[in-house]
Amino acid sequence: SGMQAIIALSKTLRWGYLKQIRDGALQALVAEGEYELAGDQARQLPGLSGEASDHYLAATMLAQAATAASGDAKLADESRPGVIEPLAADAVRQLTLAWEKGYLRRRTGSVTALLRSNPDLKDLEKAPELAILRDRADYADLIGRIEGEHPPAAKRPADGRAPSK
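Residues numbered from 1 in each chain as written. Predicted model: local features only at pLDDT ≥ 70, side-chain atom pairs only at ≥ 80, totals over all residues. Heavy atoms only, no water.

Right, let's talk about the pattern of salt bridges for a bit. Counted under the stated rule, the structure contains 7 salt bridges. Linking Asp-40 and Arg-43 is a salt bridge whose minimum nitrogen-to-oxygen distance equals 3.0 Å. Of the two residues, Asp-40 and Arg-43 are both situated in helix α2 (residues 35-49); the distance of 3 residues between them amounts to about one turn of the helix. Judged by relative accessible area, which is 39%, Asp-40 ranks as partly exposed. Given a relative accessible area of 27%, Arg-43 falls into the partly exposed group. Between Asp-90 and Arg-43 there is a salt bridge, with the nearest N and O atoms lying 2.4 Å from each other. Of this pair, Asp-90 sits in helix α4 (residues 80-100) while Arg-43 sits in helix α2, placing them 47 residues apart in sequence. Because the salt bridges share partners, they merge into one network encompassing Asp-40, Arg-43, Asp-90 and Arg-93. (Salt bridge = Lys/Arg side-chain N within 4 Å of Asp/Glu carboxyl O. Helix = DSSP H or I, 4+ residues; strand = E, 2+ residues; numbered from the N terminus. Buried < 20%, exposed > 50% of the residue type's maximum accessible area, 1.4 Å probe, protein only.)

Purely spatial values, then, with no claim about function.
Structural data, given as structure tokens:
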């Protein structure tokens, strides 16, 4: 039917957009000085894919945009914080969501370490794109929570039963 064709097309377009982002479209926007546009698109990424890993990708892109904006001589000194702060704050929020959804961990297990599929605290400490976040209080709070492995508890239904998976 016509509706099925529209749904199929929208899924194809969505995955095409995700591939472009993963292949560097957001880095190109940052390189062109389009920090806020890159940030807006990075914020939308996890909602398109539904994958926890894309919260981490969004965080790195937001942090890269904030870093580039911080060194952009074309931005007026008085407007620079207004560009950088929302990008950096949202980068920390996206890292928090990546952790809460199980993608980011304190340390990787032996199998995960072998495959190196998920980042851990060591990766956060070394990642140059996240350097701009390291002096932030919200980032320090997140690192403390990850070090203690205190993700939010699963919400129980009103009847007290364990949540279904």
